[in-house]
Amino acid sequence: MEVGLRLAVCLFELLPAVVLGVSLNDVQPTTQPTRPLTGASVETESSLLKCSLQGSPRLPAFSTEGDFVIGGAFVVHYQTNAVVNNYTTKPGVATCTGSFSARDLRFARTMIFAIEEINNSSELLPGVRLGYQIYDTCSSVPVATHVAFQLSNGQDPVFYEDGNCSQSGVVVAAVGDSGSTPSISISRILGPFNIPLVSHFATCACLSDKKQFPTFFRTIPSDHYQADALAKLVKNFGWTWIGAVHSNSEYGNNGMASFLGTALREGICVEYIESFYRTDPRNKIRTVADAIRRSTATVVVAFVAAGDMKFLLEELALDPPPPRQWIGSEGWTTDPNLMTFSFCAGAIGVAIQQSVIPGLRDFLLDLSPSEVAASPLLAEFWQDAFSCSFTKSVNKKKCDGTEDIKTLKSPYTETSQLRVSNMVYKAVYAIAHAIHNAVCQETSGTTQCDKHMRLEPKRVFTELKKVNFSQNGYHVSFDANGDPVAFYELVNWQQSEKGVMEPVTVGYYDASLPIGQEFRINRNLSWMDGKKQVPVSVCSESCPPGTRKVLQKGKPICCYDCIPCPEGEISNMTDSPDCFPCPREFWPNTERDACFPKPVEFLSYEEILSIILAVVSISGACLAIITAVIFFYYRATPIVRANNSELSFLLLFSLTLCFLCSLTFIGAPSEWSCMLRHTAFGITFVLCISCVLGKTIVVLMAFKATLPGSNAMKWFGPPQQRMTVVSLTLIQIIICIIWLVVSPPFPVKNLSTYKEKIILECALGSAVGFWAVLGYIGLLAVFCFVLAVLARKLPDNFNEAKMITFSMLIFCAVWITFIPAYVSSPGKFTVAVEIFAILASSFGLILCIFAPKCFIILFQPDKNTKKFLMNKN
């Protein structure tokens, strides 16, 4: 593409031809200077240089003269005609074609309205008339580049100038473009000439880089804030599984990159990322549409320019996808042309703040037929809007001037949702204020402006950095990056009462507010497919409390399985990454979402087992007492007197204590009960065995006493019997005292036997002491058993030895089986086993030794005589 240039040789040395889009061989100077000149020809005529453009100039869509001229660049068309470069003929100027944007035409006309309003103002630039040159860049980078050179050079094909043709055109600043990619190209070209560019719709965060784009300003916020607003919007509704599509342009690529970075920090995962551009082959756009149709993500975030979005939605309309919740960038969420696609109902997105511009609607509607016919752009709009033609046409009626624009429903006439138009309006006023500050001064209360001064664009650029004013209630200023304060409205596509889709403001995003307060949205929204319930878009359902997340292999972090917490651990929040153990004395509930104190278990009196054991114990004690009463009542009878009544009564007393000591094992262990139960058990049983041992010795001594010449009973009479019992018992008492002094039993919470409950039990303190007590009892029992076995074959007159043998056999059998049962029994059953052993051995003694005698005393009194006992063999 050949571009008209009015540039100096020295400037071209700074701007490579490849950047300018022109070949050095295409430049033909009008004279032959000492060195070739690039882009301009120079002739010496008097003291001036004759400078001429080598390329074909591009005519503006709208223009007017003024003391200071402002340039404008808008995307009114979305395509250009194909220009064939055969390198044999001079290339023509690319012209715009394709879809016509009435919305961008409104933007261009808003710029004209603002300039005319300023020209009629007595406060801003009084006496100064602003002119304008407004171009259609056709959403094309080559055309935008051409427009930038046009704004730099001016339109005069030949002019005379001092120096070396380095003077740029009369444009002191420019408004535009409507897209980030064209704005980048324009800014790169205007920047070296210090011509400021104020964009109304270029949002790429990359344009905030003052090293690359030092003269770029904008009245619309940077995509850095829009990306944050979109991520917070998605996160607000709990959507963690989304699809993403974006324009394959600076706007879409940088915007989506910013969004993905923010979304990642918010814990949002992306199923697919697709990019496209309106000029891509249809197959490419169909691929993007198919990705949306087959995805599992319900939410689609579209960081797409309005012109690109139109092509995508048209492709989707051929085969509408399942219901999708669209989340849109400001590039398309307020474009009325896209609201005709019903499957986008309920879309939510960010939008420029809605505003009111007094007088704009009247200006837009004030179009006369002659004015329309004189402008190719307005004529195209008129013919498209009213389906007529200014020339003869077979398919259309002729435009005769009777068309009423006031009744037209078009994005051009839609002024109830002025958003981007206000950005254009503020951009023009920002430039006007900069010019005002440069050429006007306050003198004697009046403002004097020098409209004849040579105003350099650099001066306007300097003043633009300082502007700070309000227009129609909207503040205008720029930060160090040339960006305004970020404020967005959150809009929701809702159906009006007339059945027309329209954007309704449902919240806002204000970056000037403190962190955490910048985002607000209400819940009165219309969702996809007309639903009133917030749609769900997650890769995996949230893990409830009591489970933890385990990532699925090879998938994003939002895709996971919910695994129940292991035994003894809980998670008390949704989507917990880990489970944590309960404190030692706590245990999880069934749902494993809370820790509760472990139940404390011991052999309490409230349990049936405890009640049974207590009843048996008391019954045994009562039986011993009853036996003692019977023996005492019949103490004069031969059978009582023959069986050593003193030891019998002492044995019954000890058995009573044995039965009762089992009660100390029931109930919650305490410091005193733990010491009492084991010592009482040990001492009473030794007393009992000592009595039995004494009775056995008495039987043996009595038998020996019947032999001729024997005086055995002399050496084991009642005093010796008492001493034996006391001595043997005293040894056990000494063992118990040593045990209690050195390391006594104590209550302890057993947390190891069961994980889910606490066993309250008595620790032995000293295991040596415990087994010493048991061992001493066992030693006496074995010794008694041996003596009883030796005496079992004595004459029937002394058959008590047989009963002692049986009783000791039972006693030893019980306590031998007690040891493995005691060790293996868990928890409170350990205590129950010990009580059972005590009761079993006690009942064995009382039944084997005393039951036969009581039976004879009560039911066979005829055998309870001295004659009967003496006559038995």
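What this report covers is the structure whose coordinates are included nearby. (Residues numbered from 1 in each chain as written. Predicted model: local features only at pLDDT ≥ 70, side-chain atom pairs only at ≥ 80, totals over all residues. Heavy atoms only, no water.)

Thoughts on the packing of aromatic side chains
Then comes step 1: If you walk through the whole model with that rule in mind, you get 27 aromatic pairs.
Then comes step 2: Taken together, a centroid distance of 6.3 Å and an interplanar angle of 65° make the contact between phenylalanine 632 and phenylalanine 649 edge-to-face. Of this pair, phenylalanine 632 sits in helix α15 (residues 608-633) while phenylalanine 649 sits in helix α17 (residues 645-661), and the two are 17 residues apart along the sequence.
Then comes step 3: The class for phenylalanine 649 is partly exposed, based on a relative accessible area of 26%.
Then comes step 4: Taking 5.2 Å as the distance between ring centres and 55° as the angle between the ring planes, the aromatic pair formed by phenylalanine 681 and phenylalanine 685 counts as tilted. Of this pair, phenylalanine 681 and phenylalanine 685 both sit in helix α18 (residues 671-705), separated by four residues, roughly a single helical turn.
Then comes step 5: Overall, the relative accessible area of 1% leaves phenylalanine 681 in the buried class.
Then comes step 6: Among the residues examined, phenylalanine 685 registers a relative accessible area of 0% and is labelled buried.
Then comes step 7: One Lys or Arg, lysine 310, reaches over the ring of phenylalanine 311 and ends 5.7 Å from the middle of that ring. (Phe/Tyr/Trp six-rings, centres within 6.5 Å; stacked < 30°, edge-to-face > 60°. Helix = DSSP H or I, 4+ residues; strand = E, 2+ residues; numbered from the N terminus. Buried < 20%, exposed > 50% of the residue type's maximum accessible area, 1.4 Å probe, protein only. Lys NZ or Arg CZ within 6 Å of the ring centre and 35° of its normal.)

Notes on unusual backbone geometry
Then comes step 1: At the junction of glycine 176 and aspartate 177, the peptide bond is cis and its omega measures out at -5° in the coordinates.
Then comes step 2: The topology assignment puts aspartate 177 in the loop between β9 (171-175) and α5 (180-190).
Then comes step 3: Here the phi dihedral of leucine 125 falls at roughly 50°; this positive angle occurs in a residue that is not glycine.
Then comes step 4: When you line up the elements, leucine 125 lands in the loop between α3 (102-119) and β7 (130-136).
Then comes step 5: A positive phi is found at aspartate 575, a non-glycine position, where the angle reads about 60°.
Then comes step 6: Topologically, aspartate 575 is positioned in the loop between β28 (569-570) and β29 (580-581).
Then comes step 7: For aspartate 575, a relative accessible area of 23% corresponds to the partly exposed category.

Some points on the side chain of threonine 547
Then comes step 1: Within the secondary structure, threonine 547 is located in strand β26 (residues 547-551).
Then comes step 2: At a separation of 2.6 Å, a polar atom in the side chain of threonine 547 contacts the main-chain carbonyl oxygen of proline 544.
Then comes step 3: When neighbours within four sequence positions are excluded, threonine 547 is seen to be in contact with Cys562, Ile563, Pro564, Cys565, Ser571, Ser576 and Cys579. (Polar contact = N/O pair within 3.5 Å; in protein donor to acceptor, adjacent residues only side chain to side chain. Contact = heavy atoms within 4.5 Å.)

Structural notes on the sheet that holds β7
Then comes step 1: Pairing within the open sheet is mixed, and its six strands lie in the order β3-β7-β4-β9-β10-β11. Lying at the two open borders of the sheet, with one neighbouring strand each, are β3 (62-64) and β11 (216-218). Recorded for the sheet is a direction-independent mean angle of 25° between the axes of neighbouring strands.
Then comes step 2: Where strand β4 (residues 68-74) meets β7, seven bridges bridge the pair, whose relative direction is parallel. Among the inter-strand pairings, phenylalanine 74 is bridged to a residue of β7, identified as aspartate 136. (Pairing = 2+ DSSP bridges. Axes fitted to C-alpha atoms, helices over the stretch in contact; angles between N-to-C directions.)

Focus on a nonpolar patch on the surface
Then comes step 1: A surface patch of nonpolar side chains, amounting to about 590 Å² of accessible area, comprises Leu730, Ile734, Ile737, Ile738, Val741 and Val742.
Then comes step 2: Position of valine 742 relative to the elements: it lies in helix α20 (residues 718-742).
Then comes step 3: By relative accessible area, valine 742 is classed as exposed at 64%. (Patch = residues over 30% accessible without salt bridge, like charges linked within 9 Å, V, L, I, M, F, W, Y side chains within 5 Å. Areas by Shrake-Rupley, 256 points an atom, 1.4 Å probe, with all protein chains shown as cover. Salt bridge = Lys/Arg side-chain N within 4 Å of Asp/Glu carboxyl O.)

Looking at the environment of histidine 433
Then comes step 1: Structurally, the position occupied by histidine 433 is in helix α13 (residues 420-439).
Then comes step 2: Residues histidine 433 and leucine 464, 31 residues apart in the sequence, show an inter-C-alpha distance of 7.8 Å.
Then comes step 3: Dropping the residues within four chain positions of it, histidine 433 is found in contact with Leu124, Val467 and Phe469.

Points about the sheet that holds strand β24 (residues 501-510)
Then comes step 1: Ordered by their spatial adjacency, eight strands build an open sheet running β13-β12-β14-β15-β16-β23-β24-β25, and the pairing between neighbours is mixed. Both edges of this open sheet fall to β13 (269-276) and β25 (519-521), since each of them pairs with a single strand only. Each strand of the sheet is rotated relative to its neighbour by a mean of 30°, with strand direction disregarded.
Then comes step 2: Note that β24 and β25 share three bridges and pair antiparallel. In the sheet register, tyrosine 509 faces β25, and the bridge partner there is phenylalanine 519.

Things to note about the state of the cysteines
A covalent bond bridging the sulfur atoms of two cysteines is what the word disulfide describes.
Then comes step 1: Tallied over the full model, the rule gives 10 disulfides.
Then comes step 2: A sulfur-sulfur distance of 1.4 Å marks the disulfide that ties cysteine 96 to cysteine 138. Here cysteine 96, found in strand β6 (residues 96-100), pairs with cysteine 138, found in the loop between β7 and α4 (141-153); they are 42 residues apart in sequence, far enough to count as distant.
Then comes step 3: A relative accessible area of 1% means that cysteine 138 is categorised as buried.
Then comes step 4: Each sulfur of the disulfide joining cysteine 388 and cysteine 399 lies 1.9 Å from the other. Judged by the torsion about the S-S bond (95°), the cysteine 388/cysteine 399 disulfide is right-handed. Note that cysteine 388 is positioned in strand β17 (residues 388-389) and cysteine 399 in the loop between β18 (397-398) and α13, a separation of 11 residues in sequence. Accessibility classification places cysteine 388 together with cysteine 399 in one group, the buried group.
Then comes step 5: Cysteine cysteine 691 shares no disulfide, and the gap to the nearest cysteine sulfur, in cysteine 688, comes to 6.8 Å. (Disulfide = S-S within 2.5 Å.)

Considering the nonpolar core
Then comes step 1: In this structure, Met111, Phe259 and Ile435 are the most contacted members of the largest nonpolar core, which totals 101 residues.
Then comes step 2: Counting residues per element, this core draws most heavily on α13, which supplies 14 residues.
Then comes step 3: Discounting chain neighbours no more than four positions away, the residues touching phenylalanine 259 are Ala227, Leu230, Ala231, Val234, Ile242 and Val301.
Then comes step 4: Core analysis: the next-biggest nonpolar cluster, separate from the first, contains 68 residues, Ala624, Phe685, Leu700 and Leu780 among them. (Core = buried A, V, L, I, M, F, W, Y, C linked by side-chain atoms within 4.5 Å.)

Side note on the environment of proline 157
Then comes step 1: Within the secondary structure layout, proline 157 lies in the loop between α4 and β8 (158-161).
Then comes step 2: The spatial distance from the C-alpha of proline 157 to the C-alpha of glycine 55 is 8.8 Å, given a sequence separation of 102 residues.
Then comes step 3: If we ignore the near neighbours within four places in the chain, the residues touching proline 157 are Cys51, Ser52 and Leu53.

A few points about the environment of glycine 568
Then comes step 1: Take glycine 568: it is sitting in the loop between β27 (560-564) and β28.
Then comes step 2: Sequence separation of glycine 568 and arginine 592 is 24 residues, and the distance between their C-alpha atoms is 8.2 Å.
Then comes step 3: Not counting residues up to four positions away in its chain, the partners in contact with glycine 568 are Pro581, Cys582, Trp587 and Pro588.

A short note on the pairing of strand β34 (residues 758-763)
Then comes step 1: Of all six residues making up β34, five are buried, and the element is well covered by its neighbours.
Then comes step 2: Bridge count between strand β32 (residues 600-601) and β34: two bridges; the pairing is parallel. Counted as the bridge partner of glutamate 601 is isoleucine 759 from β34.
Then comes step 3: Sheet topology note: the strand β33 (residues 746-750)/β34 ladder contains five bridges and is antiparallel. Pairing of valine 748 across the sheet is with glutamate 761, part of β34.

Re the pattern of salt bridges
Then comes step 1: Taken as a whole and judged by the stated rule, the model has 17 salt bridges.
Then comes step 2: A salt bridge links glutamate 314 to lysine 310, with the nearest nitrogen and oxygen atoms 2.7 Å apart. You can see glutamate 314 and its partner lysine 310 sitting in helix α9 (residues 306-318), four residues apart, about one turn around the helix.
Then comes step 3: Since its relative accessible area comes to 25%, lysine 310 is described here as partly exposed.
Then comes step 4: Arginine 454 is the partner of glutamate 456 in a salt bridge, and the nearest nitrogen-oxygen pair spans 3.3 Å.
Then comes step 5: Put simply, Arg282, Arg286 and Glu315 are held in one network by salt bridges that share partners.

Topic: the pairing of β9
Then comes step 1: For β9, a buried count of five out of five residues is recorded, marking the element as mostly surrounded by other parts of the structure.
Then comes step 2: The sheet contact formed by β4 and β9 spans four bridges and is parallel. Paired with glycine 72 across the two strands is valine 175, which belongs to β9.
Then comes step 3: In this sheet, strand β10 (residues 197-199) lies alongside β9 in parallel orientation, the contact comprising two bridges. In the sheet register, valine 175 faces β10, and the bridge partner there is valine 198.
Then comes step 4: You can see the chain leave β9, run along α5 and come back into β10, and the turn it takes is right-handed. (Right-handed = clockwise from strand over helix to strand, strands pointing away.)

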